[in-house]
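Summary of the model geometry
Here is what each chain is made of, one letter per residue.
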Amino acid sequence: MSESRGIASRAIYRRSAGSDQEAIRSIEALSYRGAGDGLSEKILEAPDRALSFVAEIGGLVAGHLLLTRIEGPDRALALAPLAILPDWRDMQIGTSLVRHALASARDDGWKAVFAYGQPDYYCRFGFKSHLADPADTPFQGPRFLALELAPGALSGWSGPLNFPEGYRAISDAIRR
Ligand SMILES: CC(C)(COP(=O)(O)OP(=O)(O)OC[C@H]1O[C@@H](n2cnc3c(N)ncnc32)[C@H](O)[C@@H]1OP(=O)(O)O)[C@@H](O)C(=O)NCCC(=O)NCCS
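Attention in this report is confined to the structure presented alongside it. (Residues numbered from 1 in each chain as written. Predicted model: local features only at pLDDT ≥ 70, side-chain atom pairs only at ≥ 80, totals over all residues.)

What to know about the overall build of the protein chain
Quick reminder of the rule: Working definition: helices are DSSP H or I runs of at least four residues, strands are E runs of at least two. Numbering for both runs from the N terminus. With C-alpha atoms as the basis for the radius of gyration, the globule rule is written as 2.2 Å multiplied by the number of residues raised to the power 0.38. Exposure classes come from backbone-placed C-beta atoms, where a residue is buried if 20 or more other C-beta atoms lie within 10 Å of its own, exposed if 12 or fewer do, and partly exposed in between.
The number of helices and strands found in the protein chain is seven helices and eight strands. Taken over C-alpha atoms, the radius of gyration comes to 15 Å for the protein chain, in line with the 16 Å a tight globule of 176 residues would show. With the C-alpha coordinates aligned to their principal axes, the bounding extent of the protein chain is approximately 45 × 35 × 30 Å. The burial tally for the protein chain puts 39% of its 176 residues in the buried class.

Observations regarding helix α4 (residues 93-107)
Short version of the rule: Expected span, for any helix, means 1.5 Å times one less than how many residues it has. Note: the arc covers the axis-to-C-beta directions of the helix.
In this model, α4 (15 residues) spans 21 Å end to end at C-alpha, consistent with the 21 Å of a helix rising 1.5 Å per residue. Residues of α4 that are buried include every one of Ile93, Gly94, Leu97, Val98, Ala101, Leu102 and Ala105, and no others. Within α4, the buried residues cover an arc of 160 degrees as seen down the axis, which keeps them to one side. Exposed side chains of α4 directed beyond 90 degrees from the buried face belong to Ala103 and Asp107. At the exit of α4 stands glycine 109, carrying a positive phi of roughly 90 degrees.

Regarding the nonpolar core
Rules: Each nonpolar core consists of buried Ala, Val, Leu, Ile, Met, Phe, Trp, Tyr and Cys residues. Their C-beta atoms, within 7 Å, join them into a set. Residue pairs are scored as contacts if the distance between their C-beta atoms, which are placed from the backbone, is within 7 Å.
Formed by 56 residues in total, the largest nonpolar core has its most connected members in Leu77, Ala80, Val113, Phe114, Ala115 and Ala146. Beyond its immediate chain neighbours, meaning those up to four positions away, leucine 77 contacts Leu67, Thr68, Arg69, Ile70, Ala105, Trp110 and Val113.

Some remarks on the pairing of strand β7 (residues 144-148)
Which entries qualify depends on this criterion: For two strands to be treated as a pair, DSSP must find no fewer than two bridges joining them.
Counting buried residues along β7, four of its five residues qualify, which places the element largely inside the surrounding structure. Two strands pair when backbone bridges link them, and strand β5 (residues 112-116) and β7 are joined in this way by five bridges, in the antiparallel orientation. The residue bridging phenylalanine 114 from the neighbouring strand is alanine 146, located in β7.

Some points on the site of the ligand
Here is the rule we go by: The rule is simple: place the C-beta atom from the backbone, and if it lies within 6 Å of a molecule or strand, the residue is near it. Amino acid classes used here: Ala, Val, Leu, Ile, Met, Phe, Trp, Tyr, Cys and Pro are nonpolar; Asp, Glu, Lys and Arg are charged; the rest, including Gly, are polar.
Around the ligand lies a shell of 18 residues, among which Arg89, Gly94, Thr95, Gln118 and Tyr121 are the nearest. Within the residue set of the shell around the ligand, elements represented by two or more residues are β4 (76-84), α4 and α5 (119-122). Looking at which element gives the most residues to the shell around the ligand, the answer is β4, with five residues. By residue class, the composition of the shell around the ligand is nine nonpolar, six polar and three charged.

Here we look at the environment of arginine 168
With respect to the helices and strands, the residue arginine 168 is situated in helix α7 (residues 168-174). In this structure the C-alpha to C-alpha distance between arginine 168 and leucine 39, which are 129 residues apart in sequence, comes to 9.2 Å.

Here's the deal with unusual backbone geometry
Across the chain, the bulk of peptide bonds are trans and the bulk of non-glycine residues have phi less than zero. Across the junction of alanine 80 and proline 81, the peptide omega takes the value -10 degrees, indicating a cis bond. The topology assignment puts proline 81 in strand β4. For arginine 75, which is not a glycine, the phi torsion comes out positive at approximately 50 degrees. The exposure class assigned to arginine 75 is partly exposed, which follows from the 15 C-beta atoms found within 10 Å.

Things to note about the environment of glycine 141
In this fold, glycine 141 is placed in the loop between β6 (135-136) and β7. When the C-alpha atoms of glycine 141 and alanine 76 are compared, they prove to be 19 Å apart, with 65 residues separating the residues in sequence.

Brief notes about the pairing of strand β2 (residues 50-57)
Bridge count between strand β1 (residues 12-15) and β2: four bridges; the pairing is antiparallel. Residue isoleucine 12 lies in a different strand from β2, and its bridge partner there is glutamate 56. Pairing of β2 with strand β3 (residues 60-70), which is carried by eight bridges, proceeds in the antiparallel orientation. When the sheet's bridge partners are listed, alanine 55 is paired in β3 with glycine 63. Linkage of β2 to β3, two consecutive antiparallel strands, is achieved through a turn of two residues, within which glycine 58 is found at a positive phi near 55 degrees.

As structure tokens, this is what we get:
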């Protein structure tokens, strides 16, 4: 195992707490060039809408991932933002954080996840563009992807995807 992969396996992946808010602000500000200041805050103020996860290394919160409930197919989530502190990138921490969050969402009965991002990155988790194609959303295009957490969850589905109030800042930042 390389040293960097070792770091990822020693990290703790957990739900975020209120006390992580400052660290999350800082990660987003460093990752989204100004647009990230307080990016997740509106969503995190409504915790019933969000599953929020962090990666912690030796007490340092080094990464954050947000899954937000959206209206569309049954029990669907949007994945964004995902960000790792610059000094901790390319160590598989992002990959491990996404895997942890998806497994946790699956365990909680969520059935599908949509993401907007690099297909080269998200394909490692099983995200596919064709699963997202039937969604009616401004994100539509080759970078708009979906993953079934429950087999067949998106089979035969098409229609609008409605993102909650507070998601606009996130969507603007990730599409830059
Ligand atoms: C994208 C990001 C979350 C990846 O986290 P990470 O911990 O550095 O990623 P990992 O170490 O788990 O994975 C590294 C792999 O991802 C690839 N990768 C990293 N950023 C990528 C990108 N933007 N597009 C495609 N692949 C990317 C690397 O080439 C590497 O590939 P390999 O595993 O085949 O060697 C991190 O670079 C980041 O915070 N970027 C700024 C914010 C951002 O762009 N977020 C994603 C959009 S919501």
